[in-house]
Every structure is written in C-alpha cells, then in structure tokens.
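Now for the letters of each chain:
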There are 2 protein chains.
Amino acid sequence: MSGADRETLLWLSLLPCLYLASLCSAEQGLEFPSFDGKDRVLHINERNYKKALKRFDMLCLLYHEPQPAHKGRQKQLQMTELVLELTAQVLEDKDIGFGMVDSQKDAKVAKKLGLEEEGSLYIFKDDRVIEFDGEFSADTLVEFLLDVLEDPVELISNPMELRAFERMEEDIRLIGYFKGEDSYYKAFQEASERFQPYIKFFATFDKTAKHLSLKMNEVNFYEPFMEEPAILPGRQLSEMEIVEFVHQHKRATLRKLRAEDMFETWEDNLDGIHIVAFAEEEDPDGYEFLEILKDVARDNTNNPELSIVWIDPDDFPLLTTYWEKTFKVNLFKPQIGVVNVTDADSVWLDMSNDEDLPTAEELEDWIEDVLSGKVNTEDDDDVKDDYDAVDREERHQSDDHDDHGDDYDDHDDSD
Amino acid sequence: MSGADRETLLWLSLLPCLYLASLCSAEQGLEFPSFDGKDRVLHINERNYKKALKRFDMLCLLYHEPQPAHKGRQKQLQMTELVLELTAQVLEDKDIGFGMVDSQKDAKVAKKLGLEEEGSLYIFKDDRVIEFDGEFSADTLVEFLLDVLEDPVELISNPMELRAFERMEEDIRLIGYFKGEDSYYKAFQEASERFQPYIKFFATFDKTAKHLSLKMNEVNFYEPFMEEPAILPGRQLSEMEIVEFVHQHKRATLRKLRAEDMFETWEDNLDGIHIVAFAEEEDPDGYEFLEILKDVARDNTNNPELSIVWIDPDDFPLLTTYWEKTFKVNLFKPQIGVVNVTDADSVWLDMSNDEDLPTAEELEDWIEDVLSGKVNTEDDDDVKDDYDAVDREERHQSDDHDDHGDDYDDHDDSD
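Residues numbered from 1 in each chain as written. Chains lettered and ligands numbered in written order. Predicted model: local features only at pLDDT ≥ 70, side-chain atom pairs only at ≥ 80, totals over all residues. Heavy atoms only, no water.

We apply this condition: UniProt positions are given in the numbering used here, feature names are shortened, and annotations may be inferred rather than shown by experiment.
Per an unreviewed UniProt entry, the recorded name for chain A is Calsequestrin, and the organism is Oncorhynchus mykiss. Quoted verbatim from the Subcellular location (unreviewed entry) field of UniProt, the annotation for chain A is "Sarcoplasmic reticulum lumen". Of chain A, the UniProt comment under Sequence similarities (unreviewed entry) reads exactly: "Belongs to the calsequestrin family."

Laid out in structure tokens, this is it:
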C-alpha cells in the first residue's frame, strides 16, 4: 500500500463503519446510494438562518464544536458533515434542509435557535424543535427523519390494526378515543407533535375503542412491556395535561436501547448507574431471559428507582465485541449487570450455569441488592472498604475456583 | 471547502453510508469502533493460502475483480478492503482470518478454493465453505460472522424456548427430535452446517417434542410464515436426505429480504421477475397488509411458481427513497408490484383508495394475473404489442383521469 493510500486510510480511520454498494450485480433494483459530491449542507450563520427556516418544511441543524486544532478531530467533524451530506442526498426530494452551526462562530444564532448540546442534531418542523441524540449514521438518520415526516398520530380503524398496535410492546404508546377531529383530538395531536417520533400516538374514532375499554375522549398510556395501560387522569384532556403526564412517565421500568436515541437514554442514568441486560430476542435463551425480565419489570413498575436498559446485541453488531471487552462478558448468552457510566466499570450477575437462567424471584433479589447498594461496581476497587469483604473472602476460600463461585462476577480492570 | 478536501470528498463519494462515533459524550459504554489503520486483511496467493487456512478457525476471502484501470472502481475496491479491515478489527479476538483474492492474478488459487462469484465473500470453516452475498457493510458482515461462530444447532429444552422458536416465522427453520447426541442427531447437525447461518436448525431431546407432535428421529421443516410444518419423509434421516429436502424447499412462497443475503435472493428470481411487496411491519397499515399477504402465501404454498419478496423499508433506510424513485411508489404505504430485475421496470397494484387494502381474494386474483402474464412490466413498453391493449384503451377512455383509473399503476420511464 503506498504512502498516499496509507494517509487516506488513516483519514478514514475515523470511520467506524463503511458501506458499499453491491460489488457486482447484473440485476437492478437494489442499488445503494453513493455520495455524489454535491454540497447540500448549508453553513448556517446570522445572515442565512431565517431564510433557511422559511425555505424548508423541515430544517436539520447540527450543532457542533468549533473547528478543532487537532487534525483527527477536524477529520471527524468533516466525516460528520459527510454523513449529513449523504442523508441530504438520499432525502433530496423530501424538502428537508440541512445545516451546520458552529458553537463558537455562530454562538448568537445558536442562542436564538435554542441549540444547547454540542453534537446533537436539531430538527425544526413547524414551530417545534426535535433533538436527535442517537447513532450518527446515515441509516439511522434517514430512518429517523422519514419517521418525523409521517403523521404524528396514526389512526387505528380495524381489529387487525389494533393487533399491530398491541404488538408494539417495545415502545411507549398512547392511544385516545375521540368522536372525530374535534378539539380534544386536536389537543392530543398537538401533544403528539412534541414527542414525535420517540413516543407513538394512536387514535381511534370508532368501535375499536371498545376492545381497549376506552371511554370517549379518554387517553391510555402504555409503558413498554406492560400489559395494563395507565389511564390519564380526567377524561377530557388538554395538550399540557398529556405532555406533563408523558414527561412524568417516560422513563420506563424496562426500556430497549434504540439507535435513534441511544446516547440520550445512556445519559438518563440513575446516579451514574445503569442496570443493563443483554439478550438476543431471536435466540431461545435470550427470549427466555427477556420474558423473565419483563415479569420482573411488571412486578416493579411502580418503583421509580428502577429502570433496566435492555440491549439486543443484534441491533448493534459493531458494539458487540467492544462490550464483550469492556464488560468482560460473553454476549452469546444473556447477561445482566450494573454499569457505571462514568468509567464503564461493571458487575455482572453470575449465570455461568448454562442450564438454568435465574428465576424472576432470583432476579428480583439481585436487583434489590443493586438498588440497596449491596451489589455495586465499587466494592472490589478497594476490597478493604468492602463491608461485605469478610463474607466474600470466606466464600472464596471455600470455593475451588476463584471469582466464579461468587454471587456475581466482577469485571473491573482498574484495581 | 479546499480543493484537497473536495478530492477527499469525491474519494468518499463511493461510500454509500458513513458511520460516526458519538460526537461528544461524557458517558462511557457506547463507543463505536473506528478503524485503527492496522493491516489485518491478507493478500492471498499461491504461497500463503494453505498457511492461512490452517492458521485460523475461520477464513473469510473476498473474491474480487482484478485491479481496475478506472479510478472510481479502484477506490471502490479499496473501500471494500476497508470494510473488511474494520470487520477484522472488530472481530480481532475471534480467531477469524481475512483475505482478498484477485480473480486474475490469483486465478489458480481461486480455482483450487472453488471461488466463483466476483464480489462474494467466501467463509472457510472446518471443511465447508459459506458464501456471503449480502449488503457489504461492516454491520451486516460482523453480525453475519458472529452468527457463523455460534453452534449450528440450537437446543430447545423448555416451553419458553419453544415459544421463541415458534415466533421466528420469518425464517426457514428445521426442528428434530432425538434421543440425544446419537448418529441421527449427528446427521442433522452435519446437514445444519451446510446452511448455517441462513437456515436455522433446532433440536430437542425431551418432551418439548410432544408439543410439536414430533416422533423420535423425525425432522420438521417450517417454511417462513407457514403454520404447519412439512414433515421430512422417513423417520431416520441421513445428512443428504435432509440437505436435499432443504434445497428443494428453500425458495419460500413468501420470503423477507434480509441484508445478509439480499443479492442472492434478488438473483433467485423467476424468469427475471420478482413479485415485491413493501410493508412496514411496525406500521398498522403495513402489518394489516402483511397479514393479508401471509394468508395468500398460506393458500398458495404449493405453487412452485409463486415466491413473493417482502421488503420492510425500515430494514433498508438508504434504499427507501431510491425505491420510491425507481418504482415511482409511495413507501409510506404498503405496495405490491412486479419488478423486472433486468431493467428495474415495474407495475404496481393500485391501492390508492386509502381506506381499503385489497382482500386476500383480490390479491390472489392480481397474483394470478401476474403469473399468467396478464399483468406484466412489458405491456406498456409497446402498447401495440399488448394483447390486452384494446381492453385497456377502452378503460382509459371511460376514465376521467389517466393511469390511476386503471387496475394497476404502471411506472415505467422507458417508453
């Protein structure tokens, strides 16, 4: 490989993932797009931001750090712009504008527009702003923006559509029963716009509502994986009542990590800690573990201290081996542990006995130990501070093998 | 943007999709890998191929066209290598080797190894070869290779795991009931290795089998979306009997397009034609349409002429707008049509009446018209050759608006 190629390679070293069109194919119909080199992303400043807002149905602004001095970070910023360029190209016919806002040079504009978090993408649609803080890939962005283009409220009008609604257990969903497009429906619709596309809103105007035992103008809120909905207080709701209810309840007892808001979910930890469960839904073992987890979540849905992040490794192939290394777990099998998001230090429940997954009760006991602090990521960092140390030492001595005889495997490199 | 940056941009124009790590995050635990610039992909030739085969548990060889003279194609080949490099980096601890084989320079090696299709990746594991002809992205490749590393037969040992098995309706699945790891099980296992990871094999050694009414040593074959399995002939099966049965039945009546074998599926058309259905499973409309499709597929499962490719646009965000442009359809709604894979010419069933999706019977009638040639992509290319032309003309005249009054919308630019 020549020196120049090597440089290009290094340039590309910032690319965590590369896509390629079909390498050779006589058939037509599956051509992946490749970036055509045309500039579509605007550099937003005080002079052009108003015009940009007016010109497009939807404007997506990436709020980014100032041009960095470090060459690697410069390239990274350029790559970000390229991701936006490709997204803009793919969505060319959808009347969506794209722009970059420099947090230093364009500080005034940023303030006017209310941009706050560097690295986030802000989507301006009508008079609301949607923040995107997910995986910054063209795939995820395109899918996200196509979702934003859809109607924020989906109508459910027959039993089959109701079944589709009932199957979406992974999502936070609200459903309302209205006479038609009256003022109560409008309030519901306006509330929906504030959460689109993260939280799904459905409405029905007909007898489908009876299957859900919805009364007229009533709204039900379904937490992910819960069978029974929460009924919103009062029957005729204002936009703000709905919005407030959603804000209060949106951190679910069990929530699935999704590419479109993965960093936001990760930021929303409880005291710097996440209870993380890895389970492949497509795998019999993973499915079984997930069913146990759901039982535990259903039993504890009223505990505001508890929020388990479920990660399906199939959704994040590029992170799987990174997680295996960082957390020292085998992700071919289900796992549950506590992760400290400050240093990625973690403790995992020992499920090395291949035959038996823990029961819901065992899992609940372990979770209780986590919530009480008995199981935590710090204990082994300094064993002398460990109130449980003697107990642990004793058990170590009575065991033939080291860590695996313990209640949990502690995987921390730092001590 | 400087000239040099522009060149880099053009260089990158071959990249259909770019990934980026978290742009800024104080939290740890979600770091996407970026390519570290280290060479891990081998250039395979007559001198080193045997050693490479010996050295790794698994060896992945990309069989590629000779170094092209065209600069764009050169870069594309380099990008392919980069995808492999990143994949190799991510899977570094899994003892997988990666290499490139030039179809011209390394023709002899390629012949010895049995490499045939340029652009395919061949995976050597034990003494078998698995061909990968899917989306060439690091995501898809990593997920695919992790699947290949798993055991080819999954054991089902309790009712919950059985439920997981029953839910996998999208996949071709085989399940066998055996006494234990005896010779009949071994034959099943060896057959499974020939189809891993495309076709899923399960086995049970216990009373779980009764729920499936499996007799000892019996194997059941589930076509995607079918409720009743096909029972393999005879009860005690040899590896070859299983392999042959799978080969005979593997083109399903309804099959979902998957990233890991999308090009292979597309190549496996019937006389250059695919019946393609677009439906978002997550969407109430899409779900409803899919249920109708499944009914049609179940009614026609014995028709070898019929194989419908279901595409969920959510699985291919970067292709969605390309398909909308190429086929001139709105993919926010379900669609079904006939696509000619030679020129991507297509005809779509008119479902513009928003309220009503076609019934299973209407869909069956349309499919019959497709299979009989009455609905096809060529009719309008030269209306004079259209045996149905008079009939169509008449209908055109009696309609107020042009194409949309027809039974189907024909979206072809070439005439």
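So that's the structure; there's more coming.
**Topic: the packing of aromatic side chains**
The line we're drawing: Only Phe, Tyr and Trp rings take part, Trp by its six-membered ring, and two of them pair if their centres are within 6.5 Å. Stacked means planes under 30 degrees apart, edge-to-face means over 60, and tilted covers everything else. Runs of H or I in DSSP of at least four residues are treated as helices and runs of E of at least two as strands, each being numbered from the N terminus. Classification of residues uses two cut-offs on accessible area relative to the type maximum, computed with a 1.4 Å probe and protein chains only: under 20% is buried, over 50% is exposed, and between them is partly exposed. Think of it as a cone above the ring: NZ of Lys or CZ of Arg counts as a charge over the ring if it is within 6 Å of the ring centre and within 35 degrees of the ring normal.
Tallying each qualifying case throughout the model produces 34 aromatic pairs over all chains. Summarising the aromatic geometry, the rings of B:F221 and B:F245 are spaced 5.5 Å apart at their centres and angled 70° between planes, so their arrangement reads as edge-to-face. Taken together, the positions of B:F221 in strand 9 (residues 219-222) and B:F245 in helix 9 (residues 239-249) put the pair 24 residues apart, joining distant regions of the chain. Take B:F221 and B:F245: they sit in the same class, and that class is buried. Three or more aromatic residues joined by ring pairs form one cluster here, namely A:F178, A:Y185, A:F188, A:F195, A:F201 and A:F205. It is B:R173 that lies over the ring of B:F165; its NZ or CZ is 4.9 Å from the centre.

**Side note on the side chain of B:R128**
All names here are of chain B. Applicable threshold: Counted as a polar contact is a pair of N or O atoms within 3.5 Å, where, for protein atoms, one must be capable of donating a hydrogen and the other of accepting one, and residues adjacent in sequence contribute only when both atoms are in side chains. In what follows, a contact means two residues having at least one pair of non-hydrogen atoms within 4.5 Å.
For R128, the location among the structural elements is in strand 5 (residues 128-132). Of note is the side chain of R128, whose polar atom sits 2.4 Å from the backbone oxygen of E193. If sequence neighbours within four positions are ignored, R128 has contacts with I123, E193 and Q196.

**Some remarks on helix 6 (residues 159-167) of chain B**
So the rule is basically this: Directions pointing from the helix axis toward each C-beta atom define the arc.
Turning to helix 6 of chain B, its buried residues number three or more, namely B:E161, B:L162, B:A164 and B:F165. In a view along the axis of helix 6 of chain B, the buried residues occupy a sector of 155°, so they form one face of it. Buried-residue contacts for helix 6 of chain B involve helix 11 (284-299) of chain A together with strand 6 (153-155), strand 7 (173-177), strand 8 (200-204), helix 8 (208-211) and strand 9 of chain B.

**Considerations on the sheet that holds strand 9 (residues 219-222) of chain A**
Residue and element names in this part refer to chain A. Test applied: Strands were regarded as paired on the criterion that DSSP finds at least two bridges between them. What counts as an axis is a line fitted to C-alpha atoms, over the stretch in contact for a helix, and the angles between N-to-C directions run from 0 to 180 degrees.
Read across the open sheet, the five strands follow the order 6-8-7-9-10; overall the sheet is mixed. Where the open sheet ends on each side, the last strands, each with one partner, are strand 6 (153-155) and strand 10 (230-231). The pairing of strand 7 (residues 173-177) with strand 8 (residues 200-204) spans five bridges and is classified as parallel. Bridge assignment links L174 to a residue of strand 8, and that residue is F201. Running over the sheet, helix 9 (residues 239-249) touches strand 7, strand 8, strand 9 and strand 10 and is turned about 15° from strand 9.

**What to know about the sheet that holds strand 5 (residues 128-132) of chain A**
Residues and elements named next belong to chain A. Across the sheet, which stays open at both edges, the five strands sit in the order 1-3-2-4-5 with mixed pairing between neighbours. In the strand order of this sheet, the two ends are held by strand 1 (41-43) and strand 5, each with one partner. Shown here is a sheet whose adjacent strand axes are inclined to one another by a mean of 25°, direction ignored. Where strand 4 (residues 121-125) lies against strand 5, five bridges are found, and the strand directions are antiparallel. Looking at strand 5, one finds that Y122 is bridged to E131. Packed on one face of the sheet, helix 3 (residues 71-90) meets strand 1, strand 2 (58-64), strand 3 (96-102) and strand 4 and runs near 165° to strand 3. Its contacts with the sheet place helix 5 (residues 138-149) against strand 2, strand 3, strand 4 and strand 5, and it is angled at close to 155° to strand 5.

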